[in-house]
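Each chain, written out:
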Amino acid sequence: MKTLLILFLVLCFERGISQAIVPLSGEDFQETIVGIPDNYDLTSLLSYNDDADLFLEMGFQSLMVQEIAWEQTKLKVEVYRLGSPEAAFGVFSLSKNKCIYRDTIAAFDCDGLYQYMAAYGSFFISVSSETGAAGARDRYLRVAGKVMQKNQQSTFQLPEPFNQPQFQKWRTNLIYVQGSVGLQNCLIPWQNIFLGVRFNMYATTFTKPDNDIWFARIHFETPDDQMRFLELAGLTMNGTPVPNTNANDGIYREYKSVDDLTIYFLQSQEPWPISDLLK
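Here the structure is a predicted model, which means the values were calculated and not measured.

### Digging into the overall build of the protein
Scanning the protein from terminus to terminus reveals nine helices and 16 strands. If one aligns the C-alpha atoms of the protein with their principal axes, the spans along those axes are about 65 × 60 × 35 Å. For the protein, with 279 residues in total, the buried portion stands at 45%. Total accessible area on the protein stands at roughly 14900 Å², and carbon and sulfur atoms take up 51% of it.

Right under this line is the structure:
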C-alpha cells in the first residue's frame, strides 16, 4: 500500500512538471535582460487580466508572464495554457486583429504592429510591445519561436470540412467558440439561437457579391441541447426536425447531421444548400 502511495505521488509530481510552462532564460538570447516569470492560476488570473472571461470559458489552466529587454527594446511574453488545442485556437481566432503577416512560424499566428499572437497546441502565446517600434517587431518571431521550442506541442488539425479548398480561401474568418462569452466576442449573429444550449462550434463566413453565408460545425453536449437549438433556429415542425427553412424573416437556414451530436449548420440571405459548400 505504501509503495502504491509513493508511486501515485511520483506520477502526480511528474504530471505537474510536464504541465509547467517553461520560461525563457538569459541563455536564450545574448545581450538581454530576461525577467523572472510570474505565474497565475485560476484564482490570481482575474487580478492580472480584466478580460479573463473568455480564457476561463476556454478551460484556462495557467499563465506565465515574462518581460525580456534589450538596450532599446522591451517585450512582454504571455503564455496561456488552455483546456485543449481547440480552446487555444478559439482564443486566438477571437483575439487576432490587424495582422501584417499570418501563419509564419505556426499554423495559426498573427504578426502585427504591436503584438504577435499564436495558437500553438494548447497554448495561446502573445509577444507584445508598447511602442510597436521596428526593433520590437523584428524580435517578435524570434522570441515566440524560442517559447515554442522550449514548450513543444503537437500540431493542431482543423476538423472537416475546414481543410477543403473552398474553406481554405476563407480561413481567416474561421472562429471557434464554446459558450456565451465566445458568442459575444464574435460577429456571427446567432446569440439568440444558442440560449440555454451547451455546445462547441467552429464557424466561418463566406462573403458573396449578393449573399452573405454563415456556416458552422456544431457539437452539442446532449440530444436535448441539439433539439433546443433546432427549435430556436426554426428548424422544427410540430416537434420534428426539418432540414431547412426560409421562414425566419426571409433568412434561409439549413442543417445536416454529421453524427448523433454534431451538425453542419448554414444561414444565408438567399437559399444556398450545404451540399454546394461541401463539393
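### A few points about the packing of aromatic side chains
Scanning the entire structure with this criterion turns up 23 aromatic pairs. The interplanar angle of 55° and the centroid separation of 5.2 Å between the aromatic rings of Phe167 and Phe215 together place this pair among those described as tilted. Residue Phe167 is found in helix α6 (residues 165-168), and its partner Phe215 is found in strand β11 (residues 211-220); the two are separated by 48 residues along the sequence. The pair Phe167 / Phe215 is uniform in exposure class, with both members buried. Ring centres of Phe194 and Phe229 lie 4.9 Å apart, and the angle between their planes is 40°; on these two criteria the pair is classed as tilted. Within this pair, whereas Phe194 is found in the loop between α7 (180-184) and β10 (199-208), its partner Phe229 is found in helix α8 (residues 223-232), the two being separated by 35 residues in sequence. Residue classification places Phe194 among the buried residues on the basis of a relative accessible area of 4%. An aromatic cluster of three or more residues is present, and its members are Phe89, Phe108, Phe156, Phe162, Phe167, Trp170, Tyr176, Tyr202, Phe206, Phe215 and Tyr264. The ring of Trp70 is capped by Arg139, whose NZ or CZ atom sits 4.4 Å from the centre of that ring.

### With respect to the environment of Ala20
Looking at the element boundaries, Ala20 is found in the loop between α1 (2-19) and β1 (33-34). Between the alpha carbons of Ala20 and Asn39 there is a distance of 9.8 Å; along the sequence they are 19 residues apart. Residues contacting Ala20, with those up to four places away along its chain left out, are Arg81 and Asn151.

### Section: unusual backbone geometry
Among all residues save glycine, negative phi is the norm, and among peptide bonds the norm is trans. At the junction of Glu160 and Pro161, the peptide bond is cis and its omega measures out at 10° in the coordinates. Within the secondary structure, Pro161 is located in the loop between α5 (134-150) and α6. Of note in this structure, Asp103 is not a glycine but carries a positive phi near 50°. With a phi close to 55°, Asn238 is a non-glycine residue in the positive phi region. Relative to the elements of secondary structure, Asn238 occurs in the loop between β12 (236-237) and β13 (240-241). A relative accessible area of 78% means that Asn238 is categorised as exposed.

### Considering the environment of Glu71
Summarising the element assignment, Glu71 is placed in the loop between β3 (62-69) and β4 (74-81). In this structure the C-alpha to C-alpha distance between Glu71 and Glu31, which are 40 residues apart in sequence, comes to 8.1 Å.

### Things to note about the state of the cysteines
Following the criterion strictly, the structure yields one disulfide and no others. The disulfide partner of Cys99 is Cys110, and the S-S distance across this bridge is 2.0 Å. Here the S-S torsion is close to -110°, and the disulfide linking Cys99 with Cys110 is therefore left-handed. Of this pair, Cys99 sits in the loop between α4 (85-95) and β5 (101-102) while Cys110 sits in strand β6 (residues 108-111), and the two are 11 residues apart along the sequence. Residue Cys110 is classed as buried on the basis of its relative accessible area, which comes to 2%. For Cys186, which is in no disulfide, the shortest distance to another cysteine sulfur is to Cys99 and amounts to 17 Å.

What counts as what
- Residues numbered from 1 in each chain as written.
- Predicted model: local features only at pLDDT ≥ 70, side-chain atom pairs only at ≥ 80, totals over all residues.
- Heavy atoms only, no water.
- Helix = DSSP H or I, 4+ residues; strand = E, 2+ residues; numbered from the N terminus.
- Buried < 20%, exposed > 50% of the residue type's maximum accessible area, 1.4 Å probe, protein only.
- Areas by Shrake-Rupley, 256 points an atom, 1.4 Å probe, with all protein chains shown as cover.
- Phe/Tyr/Trp six-rings, centres within 6.5 Å; stacked < 30°, edge-to-face > 60°.
- Lys NZ or Arg CZ within 6 Å of the ring centre and 35° of its normal.
- Contact = heavy atoms within 4.5 Å.
- Disulfide = S-S within 2.5 Å.

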